[in-house]
Amino acid sequence: MANDGGSSMENLFQLHFVDYIVIGLMLLLSMCIGIYQALFSGGKQKTTHEYLLGNRQLGAFPVGISVFISVISAVTFIGNPAEVYINGPTFWLVSLNGFAVGLIITRTFIPVFYRLNVTSIYEYLELRFNKVVRMSAVIISVISGFIYMSFVIYAPALAISSITNLNLDLSIIVIGAVCTFYSSLGGIKAVIWADVFQEASPKGSLE
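Residues numbered from 1 in each chain as written. Predicted model: local features only at pLDDT ≥ 70, side-chain atom pairs only at ≥ 80, totals over all residues. Heavy atoms only, no water.

(A) Structural view of the UniProt feature "transmembrane region" (unreviewed entry) in the chain. When the UniProt feature table is mapped to this numbering, "transmembrane region" (unreviewed entry) covers residues 20-39, 60-79, 91-114, 135-160 and 172-194. As a span, residues 60-79 carries 90% helix and 0% strand, and end to end its C-alpha atoms are 29 Å apart. Regarding residues 91-114, the helix share stands at 96% and the strand share at 0%, and the terminal C-alpha atoms are separated by 33 Å. (UniProt positions renumbered as here; feature names shortened; annotations may be inferred. Helix = DSSP H or I, 4+ residues; strand = E, 2+ residues; numbered from the N terminus.)

(B) The environment of Arg134, seen in detail. One can find Arg134 in helix 8 (residues 131-163). A sequence separation of eleven residues divides Arg134 from Glu123, and the C-alpha atoms of the two residues are 7.0 Å apart. With sequence-adjacent residues up to four places away left out, Arg134 is seen in contact with Tyr122, Glu123, Leu125 and Glu126. (Contact = heavy atoms within 4.5 Å.)

(C) Fine view of unusual backbone geometry. Positioned with a positive phi, Asn55 is a non-glycine residue whose angle comes to about 55°. Looking at the secondary structure, you find Asn55 in the loop between helix 3 (48-53) and helix 4 (60-71). A positive phi is found at Asn117, a non-glycine position, where the angle reads about 60°. Examined against the element boundaries, Asn117 turns out to sit in the loop between helix 6 (92-116) and helix 7 (121-128).

(D) View of a nonpolar patch on the surface. A surface patch of nonpolar side chains, amounting to about 650 Å² of accessible area, comprises Phe17, Val18, Ile21, Val22, Leu25, Leu28 and Leu29. Looking at the secondary structure, you find Leu28 in helix 2 (residues 17-39). (Patch = residues over 30% accessible without salt bridge, like charges linked within 9 Å, V, L, I, M, F, W, Y side chains within 5 Å. Areas by Shrake-Rupley, 256 points an atom, 1.4 Å probe, with all protein chains shown as cover. Salt bridge = Lys/Arg side-chain N within 4 Å of Asp/Glu carboxyl O.)

Set out below in structure tokens:
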């Protein structure tokens, strides 16, 4: 009887053929979003404003969803419950801090950048100070970005490999390759609409 129960639990957490099809379709459609944005959407990512800003034509809904799931990533789902379990419910103060910071940023910094029509914070730093300050910020951001991305990609890859027969290294490569593909081809529009699609899909966000 005990062996039968163990076998049932094991089968409960194993994916079946249909599950693999759903995951594969989700990855494929995410890539197709990048291809569509590169070939058929707007200016076809030929200018900096099209590639990085989407010609400022993206609505509040997709941008809001994209920002939301960029913050609420796999790291959040895996790490936050463990944090609360170990250190208690005082973790809610982090959420309160995030709300305050978001309010300050949207009411002070972003309107300035928008009126100046700059592409990024780095462009603003060069306008405000000099190129040395800009490049210093770029270097710091790239280093911190690589460190952060390693955790963001590792977490969903670990989740996928734990419930499938995929090797962990292969899971990391697949997720990284798919995200790089549609982001490189389709620019910010592909990133935002892929985020919206992944949030609505059964598997959830790759990020």
